[in-house]
Every structure is written in structure tokens, then in C-alpha cells.
Amino acid sequence: MTRYIAFLRGVNVGGVNLKMADVAKAMTAAGFSDVRTILASGNILLDSTSDAAKVRSTAERTLRDTFGYEAWVLVYDVPTLQKISTGYPFEREVPDHHSYVTFVSDAEMLDELAALPPGDDEKVQRGDGVLYWQVPRTATLASAIGKTMGKTRYKSCSTTRNLRTLDRVLR
């Protein structure tokens, strides 16, 4: 049995509103065990005997069938997520800044995002399957990365979490 974290993209931010208790019930009904949601932003801890790719496809199908929206999910086992979190290359807490990790399952798209020029007082570094990103609080959506992440072509393969959320998921 492997402990996974499933990150749902675009949940409870901009149109897709789900109750996490209902999501947990759906995931349990789909065959996952020890399902627990964290925060209302689509973070699910669950156990499965399947590999991450199968967990992802099952979770996406379950969300689509149960809640009727185009669900996209990225899935990581706990040790991988711990490595990603500890690998954050910038100071973790900077006043008036957000510290993010953007998870990207498509290497070509990750390369595109990593090649974007950082804005003023913004830091970007490519990691293994992720983009580490730090941006002033007032510039998140206006930055090149923020604007690009909102494009439809990135929805199926990416989602962003702040470090505080990752720390909470990993507790």
C-alpha cells in the first residue's frame, strides 16, 4: 500500500466548487483507502496498491463521473512530495512574497514555463517535474508565469500549491 497525495487542479477557485467531504466519499467509493482531504483547495491524501498513473486516471474519472466537470489531477507519493518540498531552492518565507511549487506532468510544458523570463523581484527555477517560483504577493496573477498558467493548454498537466499548503499536506 502506498500513501499518495492527489492535487486537484482548479477546485474551489473559479467555478468548480466541491465539498471536500463529498470528494472524500467519492474517492473511497472508487476503491482508495484512508482518504483524507486537506484544506478546501483540492488536496487529497489516500492509500492505494496502484501506481501513481493509475491513481491519477482513476481519480480523474471518478471526479468527472461524480461531479460532472473536466477534472485534472496530479499524483505523488509522500517521499516524492517530501523531496520536492525540501528541494525548494529559495528562502521559504519572504515578507510580501508567495513561495510556490508548480507541479507539471508534461516535460515539454515544464520547459516552456521554466523558460519564461521572471518579473521584477520574482524567482524561478526548474526542478524535477516542478517549477519552483517565488513572486511578490501583488504580482502573482500579473506575472508572466501567472498569466501563462491560466491558459487552457496547461490545465491538464499542471497545478500550483504554496509551500504552506505542502507543509500542511506533509504533516
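Placed above this text is the structure.
Bear in mind that the values here come from a model prediction, so they are computed numbers and not experimental data.

Caption draft 1: Spatial organisation of the packing of aromatic side chains. As enumerated under the stated definition, the model contains six aromatic pairs in all. Between F7 and Y76 the ring centres are 6.3 Å apart and the planes differ by 50 degrees, which places this aromatic pair in the tilted class. Note that F7 is positioned in strand β1 (residues 2-8) and Y76 in strand β4 (residues 73-77), a separation of 69 residues in sequence. Overall, Y76 belongs to the buried group, its relative accessible area being 13%. With centroids separated by 5.0 Å and ring planes inclined at 45 degrees, the aromatic side chains of Y76 and F103 adopt a geometry described as tilted. With Y76 in strand β4 and F103 in strand β5 (residues 97-104), this pair connects stretches of sequence that are 27 residues apart. Across the pair, F103 and Y76 agree in class, each one buried. A network of ring pairs unites the aromatic residues F7, Y76 and F103 as a single cluster.

Caption draft 2: Inspection of the pairing of β4 at higher detail. With four of five residues buried, β4 is to be regarded as a mostly interior element. Pairing of β1 with β4 involves five bridges; the strand directions are antiparallel. Bridge pairing in β4 links F7 to L74.

Reading the values: rules and limits
Residues numbered from 1 in each chain as written. Predicted model: local features only at pLDDT ≥ 70, side-chain atom pairs only at ≥ 80, totals over all residues. Heavy atoms only, no water. Phe/Tyr/Trp six-rings, centres within 6.5 Å; stacked < 30°, edge-to-face > 60°. Helix = DSSP H or I, 4+ residues; strand = E, 2+ residues; numbered from the N terminus. Buried < 20%, exposed > 50% of the residue type's maximum accessible area, 1.4 Å probe, protein only. Pairing = 2+ DSSP bridges.

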